[in-house]
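The lines below spell out each chain.
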Amino acid sequence: MAAGAEERGHRHGVRATLPLSIAVLGFGVSFGVLARAAGMGGVAPIVMSGTTFAGSAQFAATSVVSAGGTVATAVVAAVLLNARYAPIGVSVAPYLTGPWWSRFLHAQLVVDESWAISAEGDGRYNPRVLLGAGLTLYAAWVGGTTLGVLFGNVIGDPNRLGLDAAFPALFLGLLAPQLTSTRSKQAAALGALIALVLTPIAPPGVPIVAASAACLLGWRR
Amino acid sequence: MTDTWLVVGLVGGATMLIKAIGPILLGGRALPPGVSRLIGLLAPALLAALVAISTFGYGSSLVIDERVLGVAAGGIAVWRKAPILLVVVIAACVTAVARALL
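The structure presented is a predicted model; accordingly, all values stated were derived computationally and were not measured.

(A) The arrangement of the interface of chain B and chain A in detail. Taken together, the contact between chain B and chain A spans 63 residues of the former and 89 residues of the latter. In total, about 6400 Å² of surface goes out of reach between chain B and chain A, with carbon and sulfur atoms giving 80% of it. At the junction of chain B with chain A, the criterion picks out 1 salt bridge. The salt bridge involving B:Arg99 is made with A:Asp164; its shortest N-O contact spans 2.8 Å. Joining chain B to chain A, the criterion identifies 12 residue pairs in polar contact (both at pLDDT 80 or more). Put simply, the parts of the chain that give the side of chain B that touches chain A at least two residues each are α1 (2-26), α2 (33-39), α3 (42-56), β2 (61-62), α4 (66-79) and α5 (84-101) of chain B.

Shown next as structure tokens:
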């Protein structure tokens, strides 16, 4: 990878993540607005952003609760949406050294964006970039949630501003540098195909985890 | 209210475990070469899946709406090597404008 020749450090993680943080902050605001409107109160949404730190799962759990669903349904929906973090966790595991509590804390900072930014190509990950990027995104997410809870009635729904299209574009920007070989392009195409085919027939979250099966293309040399 | 806190606690706890399981069990150990070749393809596969679902997904159906225009514009910006913030702003603006006009 281009930037990977010398050591990339924490600061690189912070700098590379700042532009994304603006989108994540906006997404955090929308979570705060929505959770408050769903009757979660003011503190619970902020605590949830601080402990779960995974946008789509939080939106899903909140919408289940506000629609009168059971606690179990909400938890299952969130677990399915976050299931991709199991293989993602395995991918960064070799680069997280240190005592178990330090590995545990680093692991909490792994979200799609910090993971993609810390990728150095060929399945290698930079733990310092991950830490810098993860902390920046964490601040944006929890800060955004707090703003949404406090000023939701003034701000309104940020999706009006096209924020829902900001995320696919953001992921596209993170995907582009990963497409370095024919094999990685094939994996991307297959991953997208699996996800789209399963979306109408599987519960939310399952299509994304299932897309990780596309990396089995790596068995063939 | 109690249900809310139960959901917050359980979802938070479950997510922490899912994220931590790999690093806690395998932390610092190299994966076998065969496995790391697969793991190298995980980022393109998962990121492409996220692009696809966040562009076309609407609950459990697939739709084509204003987001497609925004993402297409963002895609052109990515291809022209625009900085990521510009990519995101272009995608959001195109979508918002399309939504206001269409």
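Next comes the rest of the account.
(B) Structural context of the packing of helix α1 (residues 10-37) of chain A against α5(B). Two elements in contact, α1(A) and α5(B), have axes whose closest approach is 8 Å; the angle formed by their N-to-C orientations is 30 degrees. Classified by the angle between their axes, α1(A) and α5(B) sit roughly parallel to one another. Judged by residue contacts, A:Pro19, A:Leu20, A:Ile22 and A:Ala23 of α1(A) engage B:Ile84, B:Leu85 and B:Val88 from α5(B). Among the residues forming the contact of α1(A) with α5(B), the class breakdown is 7 nonpolar, no polar and no charged.

(C) Main features of the confidence of the model for chain B. All names here are of chain B. Per-residue confidence for chain B averages 91 on the pLDDT scale, and 99% of its residues sit at or above 70. Across chain B, element-level confidence peaks in α4 with a mean pLDDT of 96 and bottoms out in α2 with 84. Taken over the whole predicted complex, pTM reads 0.85, whereas the ipTM for its chain interfaces reads 0.90.

Thresholds, definitions, all that
Residues numbered from 1 in each chain as written. Chains lettered and ligands numbered in written order. Predicted model: local features only at pLDDT ≥ 70, side-chain atom pairs only at ≥ 80, totals over all residues. Heavy atoms only, no water. Contact = heavy atoms within 4.5 Å. Buried area = accessible area lost by both parts, 1.4 Å probe. Salt bridge = Lys/Arg side-chain N within 4 Å of Asp/Glu carboxyl O. Polar contact = N/O pair within 3.5 Å; in protein donor to acceptor, adjacent residues only side chain to side chain. Helix = DSSP H or I, 4+ residues; strand = E, 2+ residues; numbered from the N terminus. Axes fitted to C-alpha atoms, helices over the stretch in contact; angles between N-to-C directions. Parallel < 35°, antiparallel > 145°, perpendicular 65-115°, else oblique. Nonpolar A, V, L, I, M, F, W, Y, C, P; charged D, E, K, R; others polar. pLDDT = per-residue confidence, 0-100.

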